[in-house]
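Fold and geometry: a report
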Amino acid sequence: MQFSIPPVAALPELQARIDGKTKPPGSLGQLERLALQIGQVQQSLVPALDHPHLLVFAGDHGAARAGVSAYPQEVTWQMVENFLAGGAAINVFARHNGLQLQVIDAGVAHDFGARDGLVDAKIAFGTHNYLEQAAMSEADRDAALTRGAAIAHQLADQGCRVIAFGEMGIGNTAAAALLTHQLTGTPLADCIGRGTGLDDAGLARKQALLARAARRAALPPDADALTVLAEFGGFEIAMMAGAMLAAAERGVLLLIDGFIVSSALLVAADVAPAIVDYCVFCHRSAEPGHLVQLRAFQAEPLLDLGLRLGEGTGAALAWPLVRAAAAFVNEMASFAAAGVSERS
């Protein structure tokens, strides 16, 4: 797939507008940098955050049954049911913060049938076990990227200017660790965390299994991201990467959640490096691999709350700050308009 994502162009007029508000220059700190980024992505002095959506992509991983998670694989489809019933953390945060939530079945090992609120984009009933073979074929990987892109294009056509990304998939912190190790060159042990809450024995088992998977694939350090994605990724990760690329191509602002979402972004950034300009990094996850990713992106996240839930919860919680950044640009008085003297 080909994506045309230009680097975001500077907008000096917007910086001057921000500096001219009734405040000491730079006194709103990171919020000012965020406001500038939003305006530059949209190439507008009056940034608009119309029709914001939060997309939760769900998929199962063949390696989950080998013991890389503290929870059984069935929890993936059970949590999708919880999303559809409105009872998960992400439902609460999306409701209270004005985000339109969509749940996408990218490859859950369960037959949901036609359901209100569920987008059926299923590639297969979970990936293969990457301990034994590549997680997905090139054809299935490309189908996931394409379906993710189609979802983002449809939202952009409907006037959506902001997409927040979340995920659900038992075992996907393990996949994210393998992707992060391979795509950043960081030692695998530094990319592996406790995921859904592994004890010490479970963490040791996860580390051993992922080391075995890396040996099985034996990818060179310079393997391209799409090859790495096919070896270790999940359908939800691949579909997110496709959606990110298509959304950025249409000038949509991307709200990036934690470890698993950022593993999809690693793939997308290898395909089109300029995509990082369109990304707001919403929080710093408690997963150690997320620190590796943030360093790779040279990113400073908005929040650091010790979160490690996934689902897009960090993005939903950061959304009010994103709105505040656009609001002060559009609504705050300038020194001239307010009749306030600027500093000498």
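Quick caveat: nothing in here was measured; it's all calculated off a predicted structure. Residue positions are given per chain, counting from 1 as you read along its sequence in written order. Per-residue local features are limited, in this predicted model, to residues with pLDDT of at least 70; the limit for side-chain atom pairs, both in listing and counting, is 80 or more; totals at the level of whole chains, interfaces and linings are taken over all residues. Side-chain descriptors were evaluated using all non-hydrogen atoms of the structure, hydrogens and water having been removed beforehand.

**Observations regarding the pattern of salt bridges**
Salt bridges are defined by distance alone: a side-chain nitrogen of Lys or Arg within 4 Å of a carboxyl oxygen of Asp or Glu. Counted under the stated rule, the structure contains 10 salt bridges. Asp-142 is the partner of Arg-141 in a salt bridge, and the nearest nitrogen-oxygen pair spans 2.9 Å. For Arg-141, a relative accessible area of 7% gives the class buried. For every residue, the accessible area obtained with a 1.4 Å probe (protein chains only) is divided by the maximum for its type, and the residue is called buried under 20%, exposed over 50%, and partly exposed between those limits. The class for Asp-142 is partly exposed, based on a relative accessible area of 32%. Asp-200 is the partner of Arg-194 in a salt bridge, and the nearest nitrogen-oxygen pair spans 2.8 Å. Connected via shared salt-bridge partners are Arg-284, Glu-300 and Asp-304.

**Considering unusual backbone geometry**
One non-glycine residue with positive phi stands out, namely Gln-43, at about 50°. Residue classification places Gln-43 among the partly exposed positions, given a relative accessible area of 44%. At Ala-218, a residue that is not glycine, the phi angle is positive and equals roughly 50°. Here Ala-218 is to be found in the loop between α7 (200–217) and α8 (225–232). Secondary structure elements are taken from DSSP: a helix is a run of H or I of four residues or more, a strand is a run of E of two residues or more, and numbering for both begins at the N terminus.

**Some points on the layout of surface pockets**
Taken as a whole, the largest pocket encloses approximately 450 Å³ of empty space. Cavities and pockets are found on a 1 Å grid laid over the protein atoms alone: a cavity is a set of points where a 1.4 Å probe fits but cannot escape, a pocket is an open set with protein on both sides within 12 Å along at least five of seven lines, and a lining residue has an atom within 4 Å of such a point. Forming the boundary of the largest pocket are 29 residues, of which Gly-195, Thr-196, Arg-308, Leu-309 and Gly-310 lie nearest the centre. Listed by contribution, the elements that provide at least two residues to the lining of the largest pocket are α3 (75–85), β4 (162–168), α6 (172–184), α10 (259–271) and α12 (313–331). Grid points are joined across faces, edges and corners, and a volume is the space filled by probe spheres set on the points. Within this model, the second largest pocket holds a volume of roughly 290 Å³. Along the wall of the second largest pocket there are 14 residues; nearest its centre are Gln-37, Cys-279, Phe-281, Ala-299 and Glu-300.

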